[in-house]
Number of protein chains: 2
Amino acid sequence: MLRERYPSKLLEDAVEAIGTLPGVGKRSAMRLALHLLRQPSENVHHLADALVHLRDDVKYCSTCMMISDADTCSICADAHRDHRTICVVESVRDVMSIENTGQYNGVYHVLGGSISPIDGIGPSDLTISALVSRVESLCDSDPSASLRVTNDVEKSPSLEVILALGGDVEGETTAFYIYRQLSRFPVKLTTLARGLGFGDDLEYADEVTLGRSLAARQPFKP
Amino acid sequence: MLRERYPSKLLEDAVEAIGTLPGVGKRSAMRLALHLLRQPSENVHHLADALVHLRDDVKYCSTCMMISDADTCSICADAHRDHRTICVVESVRDVMSIENTGQYNGVYHVLGGSISPIDGIGPSDLTISALVSRVESLCDSDPSASLRVTNDVEKSPSLEVILALGGDVEGETTAFYIYRQLSRFPVKLTTLARGLGFGDDLEYADEVTLGRSLAARQPFKP
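Definitions and cut-offs
Residues numbered from 1 in each chain as written. Chains lettered and ligands numbered in written order. Predicted model: local features only at pLDDT ≥ 70, side-chain atom pairs only at ≥ 80, totals over all residues. Heavy atoms only, no water. Helix = DSSP H or I, 4+ residues; strand = E, 2+ residues; numbered from the N terminus. Rg over C-alpha atoms; globule rule 2.2 N^0.38 Å. Buried < 20%, exposed > 50% of the residue type's maximum accessible area, 1.4 Å probe, protein only. Contact = heavy atoms within 4.5 Å. Areas by Shrake-Rupley, 256 points an atom, 1.4 Å probe, with all protein chains shown as cover. Axes fitted to C-alpha atoms, helices over the stretch in contact; angles between N-to-C directions. Left-handed = near helix turned anticlockwise from the far one by under 90°. Nonpolar A, V, L, I, M, F, W, Y, C, P; charged D, E, K, R; others polar. Least-squares fit on C-alpha atoms with pLDDT ≥ 70 in both. Core = buried A, V, L, I, M, F, W, Y, C linked by side-chain atoms within 4.5 Å. Pairing = 2+ DSSP bridges. Buried area = accessible area lost by both parts, 1.4 Å probe. Salt bridge = Lys/Arg side-chain N within 4 Å of Asp/Glu carboxyl O. Polar contact = N/O pair within 3.5 Å; in protein donor to acceptor, adjacent residues only side chain to side chain. Parallel < 35°, antiparallel > 145°, perpendicular 65-115°, else oblique. Disulfide = S-S within 2.5 Å. Patch = residues over 30% accessible without salt bridge, like charges linked within 9 Å, V, L, I, M, F, W, Y side chains within 5 Å.

(A) Main features of the overall build of chain A. In terms of regular secondary structure, chain A is built from 7 helices and 6 strands. Of the regular secondary structure in chain A, the N- to C-terminal order runs α-α-α-β-β-β-α-β-α-β-α-β-α. Taking 2.2 N^0.38 as the reference for a compact globule, 222 residues should give roughly 17 Å; the C-alpha atoms of chain A span a radius of gyration of 23 Å, well beyond that estimate. In terms of its C-alpha atoms, chain A occupies a principal-axis envelope of roughly 70 × 50 × 35 Å. Counting over 222 residues, chain A shows a buried share of 41%. Within chain A, residue pairs in contact and separated by at least 24 positions form 55% of the contacts whose partners lie at least 6 positions apart. Total accessible area computed for chain A in this model is approximately 12700 Å², and 52% of it derives from carbon and sulfur atoms.

(B) Expanded view of the packing of helix α3 (residues 41–57) of chain A against helix α1 (residues 9–18) of chain B. Running from amino to carboxyl end, α3 of chain A crosses α1 of chain B at an angle of 145 degrees, the nearest separation of the two axes being 9 Å. Of the two elements, α3 of chain A crosses α1 of chain B, and the hand of that crossing is left-handed. Note on element contacts: α1 of chain B touches α3 of chain A through Leu10, Leu11, Asp13, Ala14, Ala17 and Ile18 of chain B, opposite His46, Leu47, Ala50, Leu51, His53, Leu54 and Asp57 of chain A. The residue inventory of the contact of α3 of chain A with α1 of chain B, partitioned by class, reads 9 nonpolar, 2 polar and 2 charged.

(C) Spotlight on the relation of the copies chain A and chain B. Note on the copies: chain A fits chain B at an RMSD of 0.1 Å, the axial shift is 0.0 Å, and the rotation between them is 180 degrees. Taken together, the turn and the small shift mark the pair as related by a two-fold rotation axis. Residue Ala48 of chain A, judged by its C-alpha, is the member of chain A lying nearest the rotation axis, at 2.2 Å. Both copies contact each other with a shared surface, as 100% of the interface residues of chain A are interface residues in chain B too.

(D) Here's a closer look at the nonpolar core. By size, the foremost hydrophobic cluster in this structure holds 123 residues, and its most contacted members are Leu11 of chain A together with Leu11 of chain B. Beyond its immediate stretch of four places on either side in the chain, Leu11 of chain A contacts Tyr6, Met30, Ala33 and Leu34 of chain A together with Leu54, Ile67 and Met96 of chain B.

(E) Broad picture of the pairing of strand β4 (residues 106–110) of chain A. All names here are of chain A. Within β4, 5 of the 5 residues are buried, which leaves the element mostly enclosed by the surrounding structure. Strand direction decides the pairing type here: strand β3 (residues 82–89) and β4, joined by 5 bridges, are parallel. Bridge pairing in β4 links Cys87 to Tyr108.

(F) The interface of chain A and chain B, seen in detail. Every contact between the two is made by 50 residues of chain A and, on the other side, 50 residues of chain B. Buried surface at the junction of chain A and chain B, both sides included, amounts to about 4900 Å², of which 72% is carbon and sulfur. Here chain A is connected to chain B by 0 salt bridges. Taken together, the links from chain A to chain B amount to 10 residue pairs in polar contact (both at pLDDT 80 or more). For the side of chain A that touches chain B, the elements supplying multiple residues, two or more each, are α1 (9–19), α2 (26–37), α3, β2 (67–68) and α4 (92–101) of chain A. It is α3 of chain A that provides the largest number of residues to the side of chain A that touches chain B, a total of 14 residues. Its residues placed into classes, the side of chain A that touches chain B shows 30 nonpolar, 10 polar and 10 charged.

(G) Just the packing of α1 of chain B against helix α2 (residues 26–37) of chain B, in detail. Residues and elements named next belong to chain B. Viewed as axis vectors pointing N to C, α1 and α2 meet at an angle of 125 degrees, and their least axial separation amounts to 8 Å. For the element pair α1 / α2, the angle class is oblique. The way α1 lies across α2 gives a crossing that is right-handed. Listed contacts from α2 to Leu11, Val15, Glu16 and Ile18 of α1 are Lys26, Ala29, Met30, Leu32, Ala33 and Leu34. Residue composition of the contact of α1 with α2, grouped by class: 8 nonpolar, no polar and 2 charged.

(H) Structural detail: the pattern of salt bridges. All names here are of chain B. With the rule as written, the count across this model stands at 8 salt bridges over all chains. Its salt-bridge partner being Asp13, residue Lys9 comes within 2.7 Å of it at the nearest N-O pair. On the criterion of helical spacing, the pair formed by Lys9 and Asp13 is a turn pair, its members being 4 residues apart in helix α1. The class of Lys9 is partly exposed, set by a relative accessible area of 41%.

(I) Structural context of the state of the cysteines. All chains considered together, the criterion is met by 0 disulfides over all chains. In this structure Cys87 of chain B is not part of a disulfide, and its nearest cysteine sulfur, from Cys64 of chain B, lies 11 Å away.

(J) Highlighting a nonpolar patch on the surface. Residue and element names in this part refer to chain B. Nonpolar side chains collect at one region of the surface, where Leu196, Leu202 and Leu210 lie side by side and expose about 230 Å² of accessible area between them. Among the structural elements, Leu202 can be located in the loop between β6 (188–191) and α7 (207–215). Given a relative accessible area of 55%, Leu202 falls into the exposed group.

(K) How the structure looks around α1 of chain A. When we look at burial in α1 of chain A, the residues that qualify are Leu10, Leu11, Glu12, Ala14, Val15, Ala17 and Ile18 of chain A. Buried positions along α1 of chain A lie against α2 of chain A together with α3 (41–57), β2 (67–68) and α4 (92–101) of chain B. Where α1 of chain A begins, the side chain of Ser8 of chain A points an oxygen toward the backbone nitrogen of Leu10 of chain A, at a separation of 3.1 Å.

What follows is the structure, given as structure tokens:
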């Protein structure tokens, strides 16, 4: 769509701004802009205000870096949570996904991404040093802990760090980097089980998943 | 996604507001909200301002109802345009599509939709009466015109109205309604040619399009 074809500069500005959103092309941006034109003005103001408030007023939990309305998020503030099990995730959305399972009672640490040299994202762009400080202070607070880092799930040191990162190269790189950073502390490092999805047919599984599922086969428990 | 799972009220508000956009579900809305969180604040303000300015400050051309930055749009204000050929379309986007062809030198009339009883849209919700007034005043301004409405493209009355409406039931209903409203004026009413798209294979055409293309076959011009 050529620049001079826009009937209005205001429309052009709106389409260009909407078009900067991920996954929204020029055509979708135009559709959304024309949709907003047909809405009551207060709806558009409400949307615009919600975006600005989100960006400017949201806080990040000083402990786990999760977005929050207060300095400490509701999960970190919850005394019923297990504060010695830390699930390390890449994003806020991962926390919400895990929370939605209702299966996890520990706390989190949000990295804010994964190490990706190709995108110029190094360890210092993530909250890894905050994670290391957090683990360090938790280890100091429990002097009985004397085990070195271990991947053996059977043993039970008092502090567990679950690396719930992506299965891609970036996620694995990040996991390995954190593993090296935490190896001097007496923490149990674990990672998510990977294999066929629940209810998946073998026929439709990709070869890597199927191969790893086979290699990591489990005793049958009827 | 349950209401209480949101880590922040601000996030929830933003996701709900974004989720009101057409074609944007809860998951996409969450993805967009988290994307905006990672952007510089001024980018989010720019987006929000662009949406509000578009909604509140855009004008509609008093002649053709096209959106515009002034009271008369650039097309209606253009003296090189043929102001006695009016292309009637449903939406602003249709004008832009036709303008992008570079094949049309007349003016437009934007209806603002099509007659759709199922959606509660009647003729009075569209700009049909403005079109009738416009045709009436154009006819008055050319007293030499004495022909009644005709669908014969060969004859050349001084005023042509092209019904460039959708090929669905709503578009055809609207075209028929306008035809009846304009039948008392000496205008030439035309409609867009329909048939196989340029370069289309017969194999992939739907039966209705192929059937109508066959029925409306044209003399071969090598």
